[in-house]
Amino acid sequence: HRSITMRLLLFLLCFTLVSSWGTSNLSWNRRDVMVSTIGGMSAAVFPAIANAAAQLDVNNSLAREYTAFPGLYPTIATKLVKAAKEKPFTKKADIYNALDSDIEKERLRQYDAALVIRKPDKNLQQFKTSQICKYECGNRVSSSYRDEQIRAVQAARR
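These numbers were taken from a predicted model, which means no experiment stands behind them.

## Points about unusual backbone geometry
Okay, so step 1: For the peptide bond that leads from Y73 to P74, omega is 10 degrees, which places it in the cis range.
Okay, so step 2: Mapped onto the elements, P74 comes out in the loop between β1 (56-57) and α3 (75-86).

Dropping the structure here:
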C-alpha cells in the first residue's frame, strides 16, 4: 500500500508542478508545492481509496481506526466512539444524528459506503485496546476478516 501511496503522491506533485508552470507565481517553495498538491487533490483521491479498501464498524471501532479516513479524526471519530459507548448505533441515521454540524455530517457522507453497523462486541473491543493489538493489528484500518479471526480465537479460549 505504501508504494501505491508514494506513487500517487509523486504523480500529484508532478501534476501540480506542470499545471502551475505557466502561472506568474514563480516564488513557490517546496512547502507551497506540497500543500497545494496534497490539499488540493487529496479530497478527491483519498476518500475513493479508503472507500474501496476499508470498512468501519462504528460500534466496535476505536478512534485511532478513523485515521484511515482523512477528515474524520480526531473530532468526528471522538464523537462517534463516545456516542457508540453510550448507546450503540442501530441504523445509519443514528450515526449522523450523533454529529453536531452539517459540515461534520457532510464529511462523514464521503465514507458512507464504508460504514458498517454490527452489534457491540466487548471481547473485540477489549482486544483492540490491548497492547497486543497495537502491534499486531497494524495498519489502522478496521478489517472484518481480522475481527472474525479475533472472535474465533477468543471463542476457542472459552
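## Focus: the side chain of S61
Okay, so step 1: Summarising the element assignment, S61 is placed in the loop between β1 and α3.
Okay, so step 2: Residue class for S61 comes out buried when judged on its relative accessible area of 6%.

## Examining the packing of aromatic side chains
Okay, so step 1: This structure, assessed with the given rule, holds one aromatic pair.
Okay, so step 2: Geometrically, the ring pair formed by F69 and Y111 is edge-to-face, given 5.2 Å between the ring centres and 80 degrees between the ring planes. Placement of F69 in the loop between β1 and α3 and of Y111 in the loop between α5 (102-109) and β2 (115-116) is noted, with a sequence separation of 42 residues between them.
Okay, so step 3: Against the face of Y96 rests R109, its NZ or CZ located 4.9 Å from the ring centre.

## Some remarks on the pattern of salt bridges
Okay, so step 1: Overall, the coordinates contain five salt bridges when judged by the stated rule.
Okay, so step 2: The shortest N-O distance in the salt bridge between K79 and D100 comes to 2.8 Å. With K79 in helix α3 and D100 in the loop between α4 (92-97) and α5, the pair connects residues that are 21 residues apart, well separated along the chain.
Okay, so step 3: Overall, the relative accessible area of 63% leaves D100 in the exposed class.
Okay, so step 4: Between K79 and E104 there is a salt bridge, with the nearest N and O atoms lying 2.6 Å from each other. Separated by 25 residues along the polypeptide, K79 in helix α3 and E104 in helix α5 bring together distant segments of the chain.
Okay, so step 5: Relative accessible area serves as the criterion here: at 12%, E104 is assigned to the buried category.

## Here we look at the confidence of the model for the protein
Okay, so step 1: Taken residue by residue, the protein gives an average pLDDT of 75. The fraction at 70 or more is 58%.
Okay, so step 2: Here residues 40-44 is a poorly scored stretch, pLDDT under 50, and it has six contacts once near neighbours within four places are set aside; other chains count.
Okay, so step 3: Residue range residues 48-52 is modelled with pLDDT below 50. Its contacts to residues more than four positions away, or to other chains, number seven contacts.

## Looking at the nonpolar core
Okay, so step 1: The biggest cluster of nonpolar side chains holds 20 residues, and the ones touching the most others in it are Y66, L80 and L108.
Okay, so step 2: Elements that contribute at least two residues to this core include exactly α3 and α4.
Okay, so step 3: Top element by residues in this core is α3. It accounts for six residues.
Okay, so step 4: Those residues in contact with L80 that sit more than four places away from it in its chain are Y66, F89, I95, A98, L99 and L108.

## So, the environment of Q55
Okay, so step 1: Following the sequence through the fold, Q55 ends up in the loop between α2 (30-53) and β1.
Okay, so step 2: Relative accessible area serves as the criterion here: at 32%, Q55 is assigned to the partly exposed category.
Okay, so step 3: Spatially, the C-alpha atoms of Q55 and V116 are 6.5 Å apart, while their sequence positions differ by 61 residues.

## Quick notes on the environment of A54
Okay, so step 1: Checked against the element boundaries, A54 lands in the loop between α2 and β1.
Okay, so step 2: Through-space distance from the C-alpha of A54 to that of Y111 is 9.6 Å; in sequence the pair is 57 residues apart.

## Brief notes about the layout of surface pockets
Okay, so step 1: When its volume is computed, the second largest pocket comes out at roughly 210 Å³.
Okay, so step 2: Around the second largest pocket sit 14 residues that line it, and N59, S61, V81, K85 and Q125 are the ones nearest its centre.
Okay, so step 3: Elements supplying a minimum of two residues to the lining of the second largest pocket: α3 and α6 (122-129).
Okay, so step 4: For the lining of the second largest pocket, the per-class residue count stands at seven nonpolar, five polar and two charged.

Rules used in this analysis
- Residues numbered from 1 in each chain as written.
- Predicted model: local features only at pLDDT ≥ 70, side-chain atom pairs only at ≥ 80, totals over all residues.
- Heavy atoms only, no water.
- Helix = DSSP H or I, 4+ residues; strand = E, 2+ residues; numbered from the N terminus.
- Buried < 20%, exposed > 50% of the residue type's maximum accessible area, 1.4 Å probe, protein only.
- Phe/Tyr/Trp six-rings, centres within 6.5 Å; stacked < 30°, edge-to-face > 60°.
- Lys NZ or Arg CZ within 6 Å of the ring centre and 35° of its normal.
- Salt bridge = Lys/Arg side-chain N within 4 Å of Asp/Glu carboxyl O.
- pLDDT = per-residue confidence, 0-100.
- Contact = heavy atoms within 4.5 Å.
- Core = buried A, V, L, I, M, F, W, Y, C linked by side-chain atoms within 4.5 Å.
- 1 Å grid on protein atoms, 1.4 Å probe; cavity = no way out; pocket = protein on both sides within 12 Å on 5 of 7 lines; lining within 4 Å.
- Points joined across faces, edges and corners; volume = space filled by probe spheres on them.
- Nonpolar A, V, L, I, M, F, W, Y, C, P; charged D, E, K, R; others polar.

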